[in-house]
Amino acid sequence: RAAAMSALMELPVPPQLQKKGEDPSSELGPDQAINPWPSLVGWIFLYPENCLYHVQFLRMFQAICLEHHEETLRLVLQKAKFVSRAIRSCKAGGSLQGILLICLNTLRLRSQSLPPSAFLRQFLESHDAWKGFQDELTKMTLAQQRPADGPAVPGQEKASTSSGLSLDLGSRYASQLGFEGMKAYDSDPTSSDIELLVRSSSSDSVGGGGKKKKKRKKKNKQQPALLEQKEKEKETDEVSEEGYEVEVEC
């Protein structure tokens, strides 16, 4: 999958997204293929009612996020400005809001699992519109996940709202978006250090126990010889005592 993403990124970007000073005619011929990602992003906003395309785009978008293919993410997020356009569209409402909320939450969840040096996390943390949209994103997502209220049934309590629903990694919502088993990045180095110390101390105790066992075995080997020597000394003492008694009786 990563090889296919890298192969696409070898294609030149459309002329309108090229840097200033570059000559488009020197790179693009009449039949030259171009990178499809800017068009793929644009079609989302150009065809808001095309649900079939939305499903396919979501699969591709989740793939580059899970892979964290930095080159593709730079093109989609920076040059194609997907985050800014998605936030504006979500605030405006409409039929695109559902698919865009899933895409934005995919970015949010993936960034939680990345170290601070990763591109996606740095990009989102430096994006003013993204940071200002986090509360609204949570509220919109909770409203999206809240079950619809049906007709009241006599004798049954009303279904609880989704105010206590978790939207972070490890939740059911994250698993539904493809993040099952993925954990948030642990920025505390002391936890790993403590784990290493525990492992080293346990290995040392195991080694020390082995040495003690060997010493005990040596002691056990020496014990029969010592017992034999003590028995001989005891016999000689008894013989000498018997001889002394005989002399006294005479």
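Residues numbered from 1 in each chain as written. Predicted model: local features only at pLDDT ≥ 70, side-chain atom pairs only at ≥ 80, totals over all residues. Heavy atoms only, no water.

Draft legend 1. Region of interest: the pattern of salt bridges. The final tally for this structure, using the stated rule, is five salt bridges. With its nearest N and O atoms 3.1 Å apart, the salt bridge here joins Asp168 to Arg108. One end of the pair, Asp168, is in the loop between helix 10 (134-145) and helix 11 (172-176); the other, Arg108, is in helix 7 (residues 97-112), and 60 residues separate them in sequence. For Lys131, the salt bridge goes to Asp128, with nearest N and O atoms at 3.8 Å. Linking Lys131 with Asp128, this pair stays in helix 9 (residues 128-132), spanning three residues, or about one helical turn. For Lys131, a relative accessible area of 46% translates into the label partly exposed. When its relative accessible area of 60% is taken as the criterion, Asp128 is described as exposed. (Salt bridge = Lys/Arg side-chain N within 4 Å of Asp/Glu carboxyl O. Helix = DSSP H or I, 4+ residues; strand = E, 2+ residues; numbered from the N terminus. Buried < 20%, exposed > 50% of the residue type's maximum accessible area, 1.4 Å probe, protein only.)

Draft legend 2. Structural detail: the packing of aromatic side chains. In total, this model carries eight aromatic pairs according to the counting rule given. With a centroid separation of 6.5 Å and an interplanar angle of 70 degrees, the aromatic rings of Trp37 and Phe57 are classed as edge-to-face. Residue Trp37 is located in helix 3 (residues 37-46), and its partner Phe57 is located in helix 4 (residues 51-67); the two are separated by 20 residues in the primary sequence. Trp37 sits in the buried class, given a relative accessible area of 5%. Their ring planes at 70 degrees and their centres at 6.0 Å tell us that Trp43 and Tyr53 sit as a pair that is edge-to-face. Highlighted residues: Trp43 in helix 3 and Tyr53 in helix 4, separated in sequence by 10 residues. Put simply, the rings of Trp37, Trp43, Phe45, Tyr53, Phe57, Phe61 and Phe82 pair up and form one aromatic cluster. (Phe/Tyr/Trp six-rings, centres within 6.5 Å; stacked < 30°, edge-to-face > 60°.)

Draft legend 3. Highlighting the packing of helix 3 against helix 6 (residues 82-92). Where helix 3 contacts helix 6, the two axes come as close as 11 Å, and the packing angle between them is 5 degrees. One element, helix 3, and the other, helix 6, form an angle in the roughly parallel class. Along its contact with helix 3, which presents Val41, Gly42 and Phe45, the element helix 6 presents Phe82, Arg85, Ala86 and Ser89. Within the contact of helix 3 with helix 6, the residues separate by chemical class into four nonpolar, two polar and one charged. (Axes fitted to C-alpha atoms, helices over the stretch in contact; angles between N-to-C directions. Parallel < 35°, antiparallel > 145°, perpendicular 65-115°, else oblique. Contact = heavy atoms within 4.5 Å. Nonpolar A, V, L, I, M, F, W, Y, C, P; charged D, E, K, R; others polar.)

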